[in-house]
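# Structural description and commentary
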Amino acid sequence: MSDGSGSGPSASGGAREGALLVVGDVVTDVIARHRGPLASGTDTAAAILTVPGGAGANVACWAAYRGCAEVRLLGRVGAEAVEWHERELTASGVRPCLVVDPQAATGTVICLVDTGAAAERTFLTDSGASLRLDPGDWSDALLDGVAWLHLSGYLLFSEQGRALVTVALASARARGVPVSLDPASAGFLVELGVDRFLALVGGVDVLLPSRDEACLLTGLPDAADAAAKLSRQVPLVVAKQGADGALVARSGAVSANVPAVPATPTDTTGAGDAFTGAFLAALLSGTTPEEAARAGCREGALAVERVGGRPPRLG
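Residues numbered from 1 in each chain as written. Predicted model: local features only at pLDDT ≥ 70, side-chain atom pairs only at ≥ 80, totals over all residues. Heavy atoms only, no water.

## Observations regarding unusual backbone geometry
At Ala 184, a position not held by glycine, the phi torsion is positive, near 85°. One can find Ala 184 in the loop between strand 9 (179-182) and helix 4 (186-192). With a phi angle near 55°, Ser 251 is a residue other than glycine that sits in the positive phi range. Within the secondary structure, Ser 251 is located in the loop between strand 12 (246-250) and strand 13 (253-258). We classify Ser 251 as exposed; its relative accessible area is 69%. (Helix = DSSP H or I, 4+ residues; strand = E, 2+ residues; numbered from the N terminus. Buried < 20%, exposed > 50% of the residue type's maximum accessible area, 1.4 Å probe, protein only.)

Here it is in structure tokens:
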């Protein structure tokens with residue numbers, strides 16, 4: 001890992017034998033697709049769809065879709081939806097390890113998607129049970145047979161989740177398992193605080209921020225400068241830039257500017273998760289980070305042309 005043990009990602013690639021373990025949020029997405037501004041105080045016509053979601057769960061599904069041989073997901077849900085989420089994850093090739101919360105309902109996200117050219121979305125988030133994942137849900141045995149650990153940044157936005165991240169990072173470090181993290185939300189990062197976030201992710205091998213998150217974490221307006229600066233603290237930084245592709249940075253410099261794949265957006269929900277899942281699947285297969293970023297851009301383009309944050313069903 002970043003302590004110099006040599007277990008982190010390398011420029012030359014190299015296949016890793018073992019599973020990908022994702023720890024993060026599993027939620028129910030209610031997607032409302034409308035055109036133009038919302039009409040305040042009255043009705044706005046929309047096409048509404050309820051689908052499984054959650055950044056952590058989406059990443060796991062996209063990694064399985066892109067050929068990762070074994071993907072596991074640790075998350076917390078309410079009793080009312082656990083069977084549905086387990087079926088959906090299994091159908092996507094993911095082995096669910098879901099903790100049923102005895103008190104909280106499954107998290108719900110209302111995704112308001114403007115069906116104009118940019119297909120931009122706004123989230124209304126009730127994290128529910130997903131933010132109640134805690135160290136008691138962790139076991140070192142979860143890393144048995146695991147080659148890579150990925151943490152959803154949403155874990156950092158609750159006290160229990162932050163404690164879990166600390167435990168999981170220590171466990172992964174002890175076993176020499178590389179760890180990646182996606183910051184998840186610029187809005188929540190503001191509430192958490194940049195210094196606090198950077199202290200919490202010490203020891204992470206790969207950071208996968210969006211452009212806004214990278215700029216927020218460094219205070220720099222330019223994404224390339226921000227990615228380069230972050231790579232002085234984290235060995236590998238891959239900054240997702242949407243329609244502008246992705247930046248790969250290490251050792252304080254940008255090593256690649258990967259172009260986006262052209263796409264006609266329908267719903268940008270989960271595009272960053274698709275990138276991350278495909279990136280991790282490619283990295284585990286032995287590609288270089290630059291090649292893995294290209295794989296991420298390809299799946300990000302596929303994701304924005306679909307409604308919801310999950311890939312097509314396997315088979």
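The rest of the description comes next.
## Thoughts on the pattern of salt bridges
Applying the stated rule across the entire model yields 11 salt bridges. Across the pair Asp 101 and Arg 132 runs a salt bridge, and its minimum N-O distance is 2.6 Å. Placement of Asp 101 in strand 5 (residues 94-101) and of Arg 132 in the loop between strand 7 (121-126) and strand 8 (146-152) is noted, with a sequence separation of 31 residues between them. Residue classification places Arg 132 among the partly exposed residues on the basis of a relative accessible area of 26%. Look at the salt bridges and you will find they share partners, linking Arg 76, Asp 101, Arg 132 and Asp 137 into a network. (Salt bridge = Lys/Arg side-chain N within 4 Å of Asp/Glu carboxyl O.)

## Some details on helix 9 (residues 289-304)
Between its first and last C-alpha, helix 9 extends 22 Å over 16 residues, near the 22 Å set by a 1.5 Å rise per residue. Of all 16 residues making up helix 9, 12 are buried, and the element is well covered by its neighbours. Of all the residues in helix 9, the buried ones are Pro 289, Glu 290, Ala 292, Ala 293, Ala 295, Gly 296, Cys 297, Glu 299, Gly 300, Ala 301, Ala 303 and Val 304. Elements in contact with the buried residues of helix 9: helix 1 (55-65), strand 11 (236-240), strand 12, strand 13 and helix 8 (271-285). (Expected span 1.5 Å × (residues − 1). Contact = heavy atoms within 4.5 Å.)

## A few points about the confidence of the model for the chain
Averaged over all residues, the pLDDT of the chain equals 92, while 94% of them reach at least 70. Counting contacts from residues 1-6, a segment whose pLDDT is below 50, to residues more than four positions away or on other chains yields 16 contacts. (pLDDT = per-residue confidence, 0-100.)

## Here's the deal with the sheet that holds strand 6 (residues 107-114)
In spatial order, the strands read 3-2-6-7; together these 4 strands make up an open sheet with mixed pairing. Two strands lie at the open edges of the sheet, namely strand 3 (47-53) and strand 7, each paired on one side alone. Averaged over all pairs of adjacent strands, the angle between their axes in this sheet comes to 20°, without regard to strand direction. Against the sheet, helix 2 (residues 82-91) engages strand 2 (27-34) and strand 3, with an angle of about 80° to strand 3. (Pairing = 2+ DSSP bridges. Axes fitted to C-alpha atoms, helices over the stretch in contact; angles between N-to-C directions.)

## So, the sheet that holds strand 11
Hydrogen bonds between backbone atoms are what pair the strands of a sheet, whose relative direction is either parallel or antiparallel. Reading across from one edge, 5-4-1-8-9-10-11-12-13 is the order of the 9 strands in this open sheet, with mixed pairing throughout. The two strands at the open ends of the sheet, each matched to only one other strand, are strand 5 and strand 13. As paired strands, strand 10 (residues 206-207) and strand 11 are joined by 2 bridges and run parallel to one another. By the bridge assignment, Val 206 is partnered in strand 11 with Leu 236.

## Topic: the pairing of strand 8
Of all 7 residues making up strand 8, 7 are buried, and the element is well covered by its neighbours. Here strand 8 runs beside strand 9; their pairing, made up of 4 bridges, is parallel. If you follow Leu 149 over to strand 9, its bridge partner there is Val 179. A crossover connection joins strand 8 to the parallel strand 9 through helix 3 (residues 159-175); in handedness this β-α-β unit is right-handed. (Right-handed = clockwise from strand over helix to strand, strands pointing away.)

## With respect to the packing of aromatic side chains
Throughout the structure, instances matching the rule amount to 5 aromatic pairs. When the ring of Trp 62 is compared with that of Tyr 65, the centres are 5.7 Å apart and the planes differ by 85°; the resulting orientation is edge-to-face. Of this pair, Trp 62 and Tyr 65 both sit in helix 1, 3 residues apart, which is roughly one turn of the helix. Centre to centre, the rings of Tyr 154 and Phe 188 are 6.0 Å apart; their planes meet at 80°, and the pair counts as edge-to-face. With Tyr 154 in the loop between strand 8 and helix 3 and Phe 188 in helix 4, this pair connects stretches of sequence that are 34 residues apart. One aromatic cluster is present, formed by Tyr 154, Phe 157 and Phe 188 through successive ring pairs. (Phe/Tyr/Trp six-rings, centres within 6.5 Å; stacked < 30°, edge-to-face > 60°.)

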